[in-house]
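Single-letter residue listing:
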Amino acid sequence: MQKTKNVQKNPRTRKQTVKRLRKYMPLYLMSIPGFIYLIINNYLPMGGLILAFKKYSFAKGIIDSPWNGFQNFTFLFGSKWAKIMFRNTICYNIVFLLLGTIFAIFVAILLSVIGNKFAKQTYQTLILIPHLVSTVLIGYLVFAFLSEKNGFINNGILAPLGIKPVSWYIEAGYWPVILTIVQLWRSFGFQSIVYFATIIGFDKAYYEAAVMDGASVWQQISRITLPLLKPTIIILTIMALGRMFASDFGLFYQVPQNSGMLYSTTTTIDTFVYRTLMLDHDVGRSLAAGFLQSILGFIVVMITNAIVRKVDNESALF
Amino acid sequence: MVCTKKGFRIFANVVMIVLALCCVLPFILLISSSVTDEATLMKNGYAFIPEVLNFKAYQYLFQSFGGIVRAYGMTVIVTMIGTTINVCLTLSMGYLLSKQDLPGRGFISFFLFFTMLFSGGMVPSYIIWSQYMHVGDSIFALICPNLMLGAYNVILMRTYFTTNVPQEILEAAEMDSCSEIGKLFHISIPLSKPMISTVALFSALAYWNDWINGIYYLTRRKDLYTIQNVLNSMMNNVQFLKDNTLDAASAQMMSQIPTQGVRMAIAVISVVPILMIYPFFQKAFIKGIVIGGVKG
């Protein structure tokens, strides 16, 4: 700190700063639309979070709506959905993170041992396809499998086995499994390519030396690949933890087709916010839920990053 | 890069083939359902190989269901305008941040990075865009909220500018008294075409696939719906009818609702352009994921 102060006091460097400011002025001006957009789209909504402590009225707007303390929150926790949506959001995220990471690393290791260039390229191309399509479309793909009357599972698999058709869109119990499979299906390609890119950057000499010493495949993976992957795993995990209270609205809204019978296992904070805001027009509750989501997510990221920085400074995100 | 015996390599290939098939088969089921005739569909359900081929669903779509062409047009227009704006904004911010000796660079980086860590969430965002920016029920509702500029793309762009545009060329240009903007257009942009196309690709995909802006901000003007919104509302309508007993009024509505095959046909049409051009952009796509995932 002391050093920078001295530098700034130096009249010559200050002159240089002014010179650079002038030199870059066109670039600053050119970026103004971007800044304005970030302010409107990202920063104003952050300020809008104070609305969680107000009784929002569309006529009065953000500033003039009256304060009402913690009423929105007591109201939110008065409904049975508060507990359900927090439980669902957190549990799904933990399962997605755990299984997703393990599966992605597994696929990345498989990809890295495949020698044929064409095959490798083809696999990468194909496993990324689910990442290209919208969640609405994924909802249709799942429907083609699970539709009670026409679905492939009921007609093509269960019927030939003599098992009675299942009403998938009515029975909530199946959905934790279904949603986990759908999430893994659409995200594993993306994630494994990130890990794969890291793995192919490792020095081949480590593995060659290990093979000379008679290491098996499993030993090479557990003693070389996984330890070298650690920083990447940590960074991606911190990022995922930051979204611990967020859920993919599309996954939980489109894939179960917003079926009321499934709400107990498919309601997450985002679907709850949508339903209370747009369908019940209950702004207070949705504000309180959204507030907790934003703040808790931010706190989790800061805490994890602080812990990681203490344990292993190199791996921290910031 | 594990060194292995042949056995493990075969195992890897087999698993990858199975996984690749898992990624492709659902689309085949969708396409085959859209070309199966209604009677077979009712009898056998959706199947991977259609027993009787029939393109009636598509015929109906393009002849009688006028909404589909309009929705398709909306998607194309919104994607083109949105992607153009996104690329321009991303380029200008990425270029600004690529200047290492820029006064205020630290603050600007933080200003950008912070939006990735913390967000106000959907409700305040909805209030700002609909009550203060008044984008509701207009084409701006589909273009403006959330999709016009993202910190992730800016970081990709900045990283590419700093690592792939040689400093020597920029300095040589400065000797020839080339302005900063001149350097952007004559040196940095031509040298960064791969990354610009990657950013454009990410943005175009986000616009093409977006339906959330539609359901939040287009509450009255259903005529502005994109293809994704049409898909979404059809899913819900059929669901709605299924949940309610059939009285005379809803039975009448039932006849207007596209039948099973038609719904699948619309789903196919919405995804075909992406799958068709995917082979051409898959290299740029993978590159973007790799750079973003490792360095972002």
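Residues numbered from 1 in each chain as written. Chains lettered and ligands numbered in written order. Predicted model: local features only at pLDDT ≥ 70, side-chain atom pairs only at ≥ 80, totals over all residues. Heavy atoms only, no water.

Participant: Lay out the overall build of chain B with the relevant residues and their values.
Facilitator: Looking only at helices and strands, chain B features 15 helices and zero strands. Evaluated residue by residue, chain B yields a buried proportion of 53% over its 296 residues. In chain B, 73% of the contacts between residues at least 6 apart in sequence involve partners at least 24 apart. (Helix = DSSP H or I, 4+ residues; strand = E, 2+ residues; numbered from the N terminus. Buried < 20%, exposed > 50% of the residue type's maximum accessible area, 1.4 Å probe, protein only. Contact = heavy atoms within 4.5 Å.)

Participant: Please set out the side chain of Ser65(A) residue by residue, giving values where relevant.
Facilitator: All names here are of chain A. Position of Ser65 among the secondary structure elements: in the loop between helix H3 (61-64) and helix H4 (71-78). With a relative accessible area of 3%, Ser65 lands in the buried category. One polar contact links the side chain of Ser65 to the main-chain carbonyl oxygen of Gly61, over a distance of 2.6 Å. Apart from residues lying up to four places away in sequence, Ser65 is in contact with Lys54, Lys55, Tyr56, Ser57 and Lys60. (Polar contact = N/O pair within 3.5 Å; in protein donor to acceptor, adjacent residues only side chain to side chain.)

Participant: Residues and numbers for the packing of helix H4 (residues 67-97) of chain B against helix H11 (residues 193-209) of chain B, please.
Facilitator: Residue and element names in this part refer to chain B. At a closest axis distance of 8 Å, the pairing of H4 and H11 adopts a crossing angle of 140 degrees. By the criterion of interaxial angle, the relationship of H4 to H11 is oblique. Between H4 and H11 lies a crossing whose hand is right-handed. Only Ile196, Val199, Ala200, Ser203, Ala204, Tyr207 and Trp208 of H11 make contact with H4, whose side of the interface consists of Tyr72, Thr75, Val76, Val78, Thr79, Gly82, Thr83, Asn86, Val87, Thr90 and Leu91. Of the residues belonging to the contact of H4 with H11, the class tally is eleven nonpolar, seven polar and no charged. (Axes fitted to C-alpha atoms, helices over the stretch in contact; angles between N-to-C directions. Parallel < 35°, antiparallel > 145°, perpendicular 65-115°, else oblique. Left-handed = near helix turned anticlockwise from the far one by under 90°. Nonpolar A, V, L, I, M, F, W, Y, C, P; charged D, E, K, R; others polar.)

Participant: Now, about the interface of chain B and chain A: what can you tell me, with residues and values included?
Facilitator: Every contact between the two is made by 103 residues of chain B and, on the other side, 104 residues of chain A. Of the roughly 9700 Å² buried between chain B and chain A on both sides combined, carbon and sulfur atoms contribute 76%. Viewed at the interface, chain A and chain B are joined by two salt bridges. A salt bridge links Glu174(B) to Lys23(A), with the shortest nitrogen-to-oxygen separation between them at 3.3 Å. Our count for the chain B to chain A interface comes out at 26 residue pairs in polar contact (both at pLDDT 80 or more). Ranked by the residues each element gives to the side of chain B that touches chain A, the list is headed by helix H15 (residues 260-295) of chain B, at 18 residues. When the residues that make up the side of chain B that touches chain A are grouped by side-chain class, the tally is 73 nonpolar, 22 polar and eight charged. (Buried area = accessible area lost by both parts, 1.4 Å probe. Salt bridge = Lys/Arg side-chain N within 4 Å of Asp/Glu carboxyl O.)

Participant: How would you summarise a nonpolar patch on the surface if you had to cite specific residues and measurements?
Facilitator: Taken together, the side chains of Leu21(A), Met25(A), Leu29(A), Ile32(A) and Ile36(A) present a nonpolar region at the surface, about 410 Å² in accessible area. Its location among the elements puts Met25(A) in helix H2 (residues 11-48). (Patch = residues over 30% accessible without salt bridge, like charges linked within 9 Å, V, L, I, M, F, W, Y side chains within 5 Å. Areas by Shrake-Rupley, 256 points an atom, 1.4 Å probe, with all protein chains shown as cover.)

Participant: So, the packing of aromatic side chains: which residues are in play, and what are the values?
Facilitator: Considering all chains together, one arrives at 49 aromatic pairs over all chains under this definition. Between the aromatic rings of Phe53(A) and Phe73(A), the centroid separation amounts to 5.4 Å while the plane-to-plane angle is 35 degrees, which identifies the pairing as tilted. Of this pair, Phe53(A) sits in the loop between H2 and H3 while Phe73(A) sits in helix H4, and the two are 20 residues apart along the sequence. Judged by centre distance (5.1 Å) and plane angle (80 degrees), the rings of Tyr56(A) and Phe58(A) are edge-to-face. Look at Tyr56(A) and you get buried, because its relative accessible area is 10%. On the basis of relative accessible area, Phe58(A) is assigned to the partly exposed category, the value being 37%. Three or more aromatic residues joined by ring pairs form one cluster here, namely Phe35(A), Tyr43(A), Phe298(A), Phe107(B), Phe110(B), Phe111(B), Phe114(B) and Phe118(B). Here the basic side chain of Lys80(A) rests over the ring of Trp81(A), its NZ or CZ set 4.7 Å away from the ring centre. (Phe/Tyr/Trp six-rings, centres within 6.5 Å; stacked < 30°, edge-to-face > 60°. Lys NZ or Arg CZ within 6 Å of the ring centre and 35° of its normal.)

Participant: Give me the pattern of salt bridges: which residues, what numbers.
Facilitator: Opposite charge on two side chains lets them pair, provided their charged atoms get close. Tallied over the entire structure, the rule returns nine salt bridges over all chains. Between Lys99(B) and Glu180(B) there is a salt bridge, with the nearest N and O atoms lying 3.2 Å from each other. A residue pair is termed long-range when its members are at least 10 positions apart, and Lys99(B) in the loop between H4 and helix H5 (105-117) and Glu180(B) in helix H10 (residues 180-191) qualify at 81 residues. The pair Lys99(B) / Glu180(B) is uniform in exposure class, with both members buried. Measuring nitrogen to oxygen at the nearest pair gives 3.4 Å for the salt bridge that ties Asp137(B) to Arg220(B). Of this pair, Asp137(B) sits in the loop between helix H6 (122-132) and helix H7 (140-143) while Arg220(B) sits in the loop between helix H12 (212-217) and helix H13 (227-243), and the two are 83 residues apart along the sequence. The exposed category is assigned to Arg220(B), whose relative accessible area is 68%. One salt-bridge network, in which partners are shared between bridges, spans Lys23(A), Lys99(B), Glu174(B), Glu180(B) and Lys183(B).

Participant: Just give me the short version of the nonpolar core, but keep the residues and values in it.
Facilitator: Membership of the largest hydrophobic core comes to 182 residues, with the highest contact counts inside it found for Leu137(A), Tyr140(A), Met16(B), Tyr216(B) and Phe285(B). With 15 residues, H15(B) is the single largest residue contributor to this core. Beyond its immediate sequence surroundings of up to four residues, Met16(B) is in contact with Val107(A), Leu110(A), Leu111(A), Ile114(A), Tyr123(A) and Ile127(A). (Core = buried A, V, L, I, M, F, W, Y, C linked by side-chain atoms within 4.5 Å.)

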